[in-house]
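Residue-level listing of the chains:
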Amino acid sequence: QVQLTESGGGLVQAGGSLRLSCAASGRTLTNYAMGWFRRAPGKEREFVAAFSWTGGNVYYSDSVKGRFTISRDSAKIAVYLQMNSLKPEDTAVYYCAADPFGLATPDPNEYDYWGQGTQVTVSS
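My aim in this report is to walk through the structure given alongside it, one point at a time. Since the structure is predicted, the reported quantities are computational estimates derived from the model, not experimental observations. (Residues numbered from 1 in each chain as written. Predicted model: local features only at pLDDT ≥ 70, side-chain atom pairs only at ≥ 80, totals over all residues. Heavy atoms only, no water.)

1. So, the side chain of Arg67
Where we set the bar: Per the convention used, a helix needs a DSSP run of H or I reaching at least four residues, while a strand needs a run of E reaching at least two, with both numbered from the N terminus. Exposure classes here rest on a 1.4 Å probe applied to the protein chains alone. A residue is buried below 20% of its type maximum, exposed above 50%, and partly exposed in between. Two N or O atoms form a polar contact when they lie within 3.5 Å of each other; inside protein one atom must be a possible hydrogen donor and the other a possible acceptor, and for residues adjacent in sequence the pair counts only when both atoms belong to side chains. Contacts were defined at the residue level, with two residues in contact if any of their heavy atoms lie within 4.5 Å.
Along the chain, the position of Arg67 falls in the loop between strand E6 (58-60) and strand E7 (68-73). The exposure class of Arg67 is buried, given its relative accessible area of 11%. Only 2.8 Å separates the side chain of Arg67 from the backbone oxygen of Ser63, close enough to count as a polar contact. A polar contact of 2.8 Å, which involves the side chain of Arg67, links it to the side chain of Asp90. Filtering out sequence-adjacent residues up to four positions away, Arg67 remains in contact with Gln82, Met83, Asn84, Ser85, Leu86, Lys87 and Asp90.

2. Looking at the pairing of strand E9 (residues 92-100)
What counts here: DSSP bridges decide pairing: two strands pair if at least two such bridges lie between them.
Taken across its 9 residues, E9 has 7 buried, putting it largely inside the fold. Relative to E9, strand E4 (residues 32-39) is paired through 8 bridges, and the arrangement is antiparallel. Residue pairing in the sheet places Arg39 in a bridge with Val93 of E9. Relative to strand E11 (residues 118-123), E9 runs antiparallel, the two being bridged by 3 bridges. Paired with Tyr94 across the two strands is Thr118, which belongs to E11. Relative to strand E10 (residues 113-114), E9 runs antiparallel, the two being bridged by 2 bridges. Residue pairing in the sheet places Ala98 in a bridge with Tyr113 of E10.

3. Comments concerning the sheet that holds E7
Within a sheet, neighbouring strands are paired by backbone hydrogen bonds and run either parallel or antiparallel to one another. Spelled out, the test is: Lines fitted to the C-alpha atoms define the axes, with helices restricted to the stretch that makes contact. Angles between their N-to-C directions range from 0 to 180 degrees.
Pairing is antiparallel across the open sheet formed by 4 strands, whose spatial order is E1-E3-E8-E7. Among the strands making up the open sheet, the edge pair consists of strand E1 (2-7) and E7. Strand-to-strand twist in this sheet, taken as the mean axis angle between neighbours without regard to direction, amounts to 15°.

4. Overview of the packing of aromatic side chains
Definition in use: Between rings of Phe, Tyr and Trp, where Trp is taken as its six-membered ring, a pair exists when centres lie within 6.5 Å; planes separated by under 30 degrees are stacked, by over 60 edge-to-face, and by other angles tilted. Put simply, a charge is over a ring when the Lys NZ or the Arg CZ is close to the ring centre, within 6 Å, and near the line of the ring normal, within 35 degrees.
For the coordinates displayed, the defined rule picks out 4 aromatic pairs. Between Phe37 and Phe47, the ring centres sit 5.7 Å apart and the planes meet at 70°, which makes this aromatic pair edge-to-face. You can see Phe37 sitting in strand E4 and its partner Phe47 sitting in strand E5 (residues 46-52), a full 10 residues away along the chain. The same class applies to Phe37 as to Phe47, namely buried. The rings of Phe37, Phe47, Tyr111 and Trp114 are connected pair by pair, giving a single aromatic cluster. Residue placement shows Arg19 over the ring face of Tyr80; its charged tip is 4.0 Å from the ring centre.

5. A closer look at the pattern of salt bridges
This is how it is decided: What counts as a salt bridge is simple: a side-chain nitrogen of Lys or Arg found within 4 Å of a carboxyl oxygen of Asp or Glu.
This structure, assessed with the given rule, holds 4 salt bridges. Here Asp90 and Arg38 are joined by a salt bridge, their closest N and O atoms 2.9 Å apart. Of this pair, Asp90 sits in the loop between strand E8 (78-83) and E9 while Arg38 sits in strand E4, placing them 52 residues apart in sequence. The class of Asp90 is buried, set by a relative accessible area of 1%. As a salt-bridge pair, Arg67 and Asp90 come within 2.8 Å of each other at their nearest N and O atoms. With Arg67 in the loop between E6 and E7 and Asp90 in the loop between E8 and E9, this residue pair connects regions lying 23 residues apart in the sequence.

Right under this line is the structure:
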């Protein structure tokens with residue numbers, strides 16, 4: 001059993017930055033793929049970024065590439081999403097997810113564990 005808890009969301013002006021955190025508890029996440037997804041009002045869930053200990057690969061969606069950075073802290077069993085140059089269209093609920101022994105896939109159906117989500121609102 002793995003529990004994921006997101007934090008760090010909030011209200012920020014366009015052009016600003018936020019750092020989201022996802023803390024894990026329970027079974028170790030060694031060899032897990034970790035991903036960030038978001039859901040904006042009236043839209044479907046969208047892939048944001050992911051990495052995999054198994055393959056050592058990191059992927060970003062085109063909409064956030066060059067602005068967002070995903071990272072991990074194995075000592076704290078945590079994954080982070082540094083969000084810079086935020087735009088109003090980045091406004092959404094952000095979720096982290098884990099896939100045991102998985103790759104950094106953009107498909108949300110591949111992930112077994114999900115956090116509760118944290119709200120990010122970017123004002124213009």
